[in-house]
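# Coordinates in review
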Amino acid sequence: MILDIVEYPNKKLREKSKEVVAFDKELHTLLDNMYETMIKESGIGLAAIQVGKAIRVLVVNLPNEEGEQSKEELLEVINPTLIKKEGATTYQEGCLSVPTFYEDIDRFETIILQYQDRDGNTKRLEADGLLAIALQHEMDHLEGILFIDKLSSSRRRKFEKEYKRYQREQKHKAKKSA
């Protein structure tokens, strides 16, 4: 089932997510629905808070060399903790909750993560490149942090102005099609 994406400036996105304790059918259904939603929206990652669930759950699925996102490569990450972080990198990020906006964001280059899978098994993952960036981006969501919060104050003011214009255009389009 495709879920609705919560969009900025909705205050729900600022909630800190709670730890998952039940690894049950309800969690499995949410994970499956998050995957379907992320793929439909052409995303590479999605945190549960972005679909209105304040729990420490995220999915990441990077495209392969052919640009396809194979479900076999899907990472379902529950209750993640950063064990180690090293280096620095900058990457132009976007977000399904902040449509049409992309900005260069500084992140750690390499991370080691401990998490649980859909069945509650503890896993460890070392990641670099785009995978490390996507995991850090989605983990920020679990803390109520958006990538736009990492912008300089001048860039943030410019973003707010651009985003208000985008929202007005969306309202105008909605009225026209109604």
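All values derive from a computational prediction rather than experimental measurement.

Parameters at a glance
Each chain has its residues counted from 1, following the order in which its sequence is written. Note on the predicted model: pLDDT of at least 70 is required for a residue's local features to be given, and 80 or more for side-chain atom pairs to be given and counted; whole-chain, interface and lining totals, by contrast, use all residues. Only hydrogens and water are set aside; all other atoms, that is, all heavy atoms of the structure, feed into the side-chain values. Numbering of helices and strands starts at the N terminus; helices are DSSP runs of H or I of at least 4 residues and strands are runs of E of at least 2. Under the scheme applied here, a residue whose accessible area is under 20% of the maximum for its type counts as buried, over 50% as exposed, and between as partly exposed, the area being computed with a 1.4 Å probe on protein chains only. A strand pair is defined by DSSP finding two or more bridges across the two strands. Angles shown run from 0 to 180 degrees and are taken between the N-to-C directions of axes, each axis being a line fitted to C-alpha atoms and, for helices, limited to the stretch in contact. Contacts are residue-level and defined by heavy atoms, with any inter-residue pair within 4.5 Å sufficient. Put simply, a nonpolar core is a bunch of buried Ala, Val, Leu, Ile, Met, Phe, Trp, Tyr and Cys residues held in one set by side-chain atoms that sit within 4.5 Å of each other. Polar contacts here mean pairs of N or O atoms no more than 3.5 Å apart (in protein, one a potential hydrogen donor and the other a potential acceptor; neighbouring residues in sequence count only if both atoms are side-chain atoms). We count a salt bridge whenever a side-chain nitrogen from Lys or Arg sits within 4 Å of a carboxyl oxygen from Asp or Glu. By definition here, a helix of n residues has an expected span of 1.5 Å times n minus one.

## Description of the environment of lysine 161
If you trace the backbone, lysine 161 turns up in helix H3 (residues 153-177). Its relative accessible area of 60% is what places lysine 161 among the exposed residues. In the structure, lysine 161 is positioned 153 residues away from tyrosine 8 in sequence and 13 Å away in space, judged by C-alpha atoms.

## Here's the deal with the sheet that holds strand S1 (residues 45-47)
What the 5 strands build is an open sheet, ordered S1-S2-S3-S6-S7; its pairing is antiparallel. On the outer flanks of this sheet lie S1 and strand S7 (122-128), each paired with one strand and no other. Taken over all neighbouring pairs, the strand axes of this sheet differ in orientation by 40 degrees on average, direction set aside. Helix-sheet contacts for helix H1 (residues 25-40) involve S1, strand S2 (57-60) and strand S3 (75-86), and the interaxial angle to S2 is about 40 degrees.

## Overview of the nonpolar core
Of all hydrophobic cores here, the largest spans 18 residues; its most connected members are Leu58 and Leu135. Elements represented by at least two residues in this core include exactly S2, S3, strand S6 (110-116), S7 and helix H2 (129-142). At 6 residues, the largest contribution of residues to this core is made by H2. If near-sequence neighbours (up to four positions away) are discounted, leucine 135 is found in contact with Leu58, Val60, Val77, Ile111, Leu113, Leu125 and Ala127. Listed in part, the 17 residues of the second largest apolar core include Ile5, Val20, Val59 and Leu74.

## Focus: the pairing of S2
Side-chain alternation along S2 places Val57 and Val59 on one buried face and Leu58 and Val60 on a second face that is also buried. As judged from the 3 bridges shared by S1 and S2, these two strands associate in the antiparallel manner. Bridge assignment links glycine 45 to a residue of S2, and that residue is valine 60.

## Let's talk about the side chain of glutamate 76
Tracing the sequence through the fold places glutamate 76 in strand S3. On the basis of relative accessible area, glutamate 76 is assigned to the buried category, the value being 14%. Among the polar contacts made by the side chain of glutamate 76, one reaches the side chain of arginine 118 at a distance of 2.8 Å. Once you skip the residues sitting within four places of it in the chain, glutamate 76 turns out to touch Leu31, Asp32, Leu58, Val59, Tyr115, Gln116, Asp117 and Arg118.

## Here's the deal with the pattern of salt bridges
Taken as a whole and judged by the stated rule, the model has 17 salt bridges. One salt bridge in this structure joins arginine 118 and aspartate 32, with 2.7 Å as the shortest N-O distance. In this pair, arginine 118 is assigned in the loop between S6 and S7 and aspartate 32 in helix H1, connecting sequence segments 86 residues apart. Judged by its relative accessible area of 28%, aspartate 32 falls in the partly exposed class. Between aspartate 140 and arginine 107 there is a salt bridge whose closest N-O contact spans 2.6 Å. Taken together, the residues aspartate 140 in helix H2 and arginine 107 in strand S5 (residues 98-107) connect sequence positions 33 residues apart. Summarising the burial analysis for this pair, aspartate 140 and arginine 107 share the class buried. Within this structure, Arg14, Asp149, Arg156 and Glu160 form a network of salt bridges that share partners.

## Some remarks on H3
Taking 1.5 Å of rise per residue, 25 residues should cover 36 Å, and H3 covers 36 Å from first to last C-alpha, within 8% of that figure. On its buried face, H3 is in contact with S5.

That is the geometry; function is a separate question.
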